[in-house]
Amino acid sequence: IIIAFITYNICYNQPMEELISVVIPVFNEAAGIQSFLKKELIPTLKNLKENTEIIIVDDGSTDKSLEIVKNYTFPRRITVRIVALMKNFGKELALTAGLREAEGCAVIMIDADGQHPAEEIPRMIEKWHEGAKIVTAIRGSNTTKHKLGSRLYYILMHKAGDKNLIEGEMDFRLLDREVVDDFNQFTEHNRFTRGLIDWLGYPQEYIKVQTKD
Ligand code: UDP
Ligand code: MG
């Protein structure tokens with residue numbers, strides 16, 4: 001409770017000191033993580049006026065992912081924390097671990113494989129500054145494979161009773177501290193991040209983005 005109170009103060013009374021967290025789940029991304037960090041994420045974060053921290057959650061990678069991120073030279077003004085899980089727990093639990101570790105007033109989750117356009121982060125933050133508690137990226141255009149996959153997901157979830165589901169939602173989103181604090185109270189082991197976030201009931205904003213896969 002005390003921690004929540006302090007967080008609240010830092011986030012809402014000192015807007016200039018705002019910290020933005022970026023949570024990245026990583027499982028066997030040795031092939032591309034370096035280029036994602038160097039060419040996409042870090043240039044975007046460097047241009048923000050807010051302070052930023054990166055939380056990398058290595059989800060039990062069996063390749064050199066962990067070594068690569070450990071040895072990566074991050075710019076000094078970006079705080080970096082690496083959470084190394086003991087085994088592969090799956091993306092949903094990796095995100096959960098990352099959200100618990102994140103200290104920012106807003107927390108952005110983004111995939112490590114470059115499929116989510118990091119250059120859209122400023123737009124997400126802008127919406128957040130305008131008052132959005134959740135900003136979710138939705139696919140503007142995509143390959144047939146993904147279109148089919150998300151179409152199927154949409155139909156199934158709709159049948160399962162979730163009438164508010166938006167088609168094309170990605171796990172590329174920004175959550176306000178208030179939402180993260182609520183999310184962190186879930187104790188479910190078998191999780192589906194998107195479903196749990198929807199369940200919390202906060203109004204969501206959406207931005208259409210062009211994906212790169
Ligand atoms: N990921 C993870 N644990 C897993 C599988 C994936 O942390 O067991 C990470 C992965 O490194 C990537 C993100 O979750 O950053 C999305 O994974 P993937 O690209 O395989 O999923 P898709 O693009 O099919 O949604
Ligand atoms: Mg992917």
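As shown above, the structure is provided for reference.
Remember, it's a predicted structure, so these values are computed and weren't measured experimentally.

**As for the site of ligand 1**
Thinking step 1. Taken together, 13 residues lie near ligand 1, and Pro25, Glu29, Asp59, Asp113 and Gln115 sit nearest.
Thinking step 2. One of the side-chain N or O atoms of Asp59 is found 2.6 Å from a nitrogen atom in ligand 1.
Thinking step 3. At 3.4 Å, a backbone N or O of Lys91 approaches a nitrogen atom of ligand 1.
Thinking step 4. When ligand 1 is considered free in solution it has 530 Å² of accessible area, and contact with the protein chains removes 69% of it.

**Description of helix α2 (residues 33-46)**
Thinking step 1. At Glu40, α2 shows its maximal bend, which comes to roughly 30 degrees, and the proline Pro43 appears one to four places after that position.
Thinking step 2. For α2, the complete set of buried residues consists of Ile33, Phe36, Leu37, Glu40, Leu41, Ile42, Thr44 and Leu45.
Thinking step 3. Packed against the buried residues of α2 are β1 (19-26), β2 (51-58), α3 (65-71), β3 (78-84) and α5 (121-129).

**Considerations on the packing of aromatic side chains**
Thinking step 1. Counted under the stated rule, the structure contains 3 aromatic pairs.
Thinking step 2. Considering the side-chain rings of Phe186 and Trp199, the 5.8 Å spacing of their centres and the 55 degrees angle between planes classify their relative orientation as tilted. On the criterion of sequence distance, the pair formed by Phe186 in the loop between α7 (177-183) and α8 (193-200) and Trp199 in helix α8 is long-range, its members being 13 residues apart.
Thinking step 3. By way of ring pairs, the aromatic residues Phe183, Phe186 and Trp199 are connected into one cluster.

**Regarding the pattern of salt bridges**
Thinking step 1. Scanning the entire structure with this criterion turns up 13 salt bridges.
Thinking step 2. When the shortest N-O distance is used, the salt bridge between Glu120 and Arg123 registers 2.6 Å.
Thinking step 3. The partly exposed category is assigned to Arg123, whose relative accessible area is 35%.
Thinking step 4. Among the charged side chains, a network of salt bridges with common partners joins Lys91, Asp111, Glu169, Asp171 and Arg173.

**Topic: the coordination of the magnesium ion (ligand 2)**
Each angle at a metal carrying four tetrahedral donors should ideally be 109.5 degrees, and each at a metal carrying six octahedral donors should ideally be 90 or 180 degrees.
Thinking step 1. The protein atoms donating to the magnesium ion (ligand 2) are Asp113 (OD) and Gln115 (OE1), with metal-donor distances spanning 1.9 to 2.1 Å.
Thinking step 2. On the basis of relative accessible area, Asp113 is assigned to the partly exposed category, the value being 37%.
Thinking step 3. Owing to a relative accessible area of 24%, Gln115 belongs among the partly exposed residues under this scheme.

**As for the nonpolar core**
Thinking step 1. Within the largest apolar cluster, 36 residues are counted, with the highest numbers of intra-cluster contacts made by Ile24, Leu37, Leu41, Ile54 and Ile121.
Thinking step 2. For this core, the element with the highest residue contribution is α2, accounting for 6 residues.
Thinking step 3. Setting aside anything within four residues of it in sequence, one finds Leu37 in contact with Ile24, Ile42, Pro43, Val69, Tyr72 and Phe74.

**Brief notes about the side chain of Thr193**
Thinking step 1. Tracing the chain through its elements places Thr193 in helix α8.
Thinking step 2. Within the structure, Thr193 has its side chain in polar contact with the side chain of Glu92 (distance 2.5 Å).
Thinking step 3. In this structure, Thr193 is in contact with Glu92, Leu95, Met109, Arg173 and Phe183, ignoring residues within four places of it in sequence.

**Points about helix α4 (residues 91-101)**
Thinking step 1. Burial in α4 covers these residues: Glu92, Ala94, Leu95, Thr96, Gly98 and Leu99.
Thinking step 2. Among the structural elements, β1, β2, β4 (106-109), β6 (169-176), α7 and α8 are those in contact with the buried residues of α4.

**Remarks on the pairing of β6**
Thinking step 1. For β6, the tally of buried residues reaches 8 of 8 residues, placing the bulk of the element in the interior.
Thinking step 2. Residues of β6 alternate between two faces, with Glu169, Asp171, Arg173 and Leu175 on one and Met170, Phe172, Leu174 and Asp176 on the opposite face, all of them buried.
Thinking step 3. Bridge count for β4 against β6 is 4 bridges, and the pairing is antiparallel. In the strand pairing of β6, Ile108 is matched with Leu174.

Parameters at a glance
Residues numbered from 1 in each chain as written. Chains lettered and ligands numbered in written order. Predicted model: local features only at pLDDT ≥ 70, side-chain atom pairs only at ≥ 80, totals over all residues. Heavy atoms only, no water. Near = heavy atom within 4 Å. Polar contact = N/O pair within 3.5 Å; in protein donor to acceptor, adjacent residues only side chain to side chain. Areas by Shrake-Rupley, 256 points an atom, 1.4 Å probe, with all protein chains shown as cover. Bend = angle between axes of the 7 residues up to and from the residue. Helix = DSSP H or I, 4+ residues; strand = E, 2+ residues; numbered from the N terminus. Buried < 20%, exposed > 50% of the residue type's maximum accessible area, 1.4 Å probe, protein only. Contact = heavy atoms within 4.5 Å. Phe/Tyr/Trp six-rings, centres within 6.5 Å; stacked < 30°, edge-to-face > 60°. Salt bridge = Lys/Arg side-chain N within 4 Å of Asp/Glu carboxyl O. Donors = N, O, S within 2.8 Å, 3.2 Å for Na, K, Ca; no water. Core = buried A, V, L, I, M, F, W, Y, C linked by side-chain atoms within 4.5 Å. Pairing = 2+ DSSP bridges.

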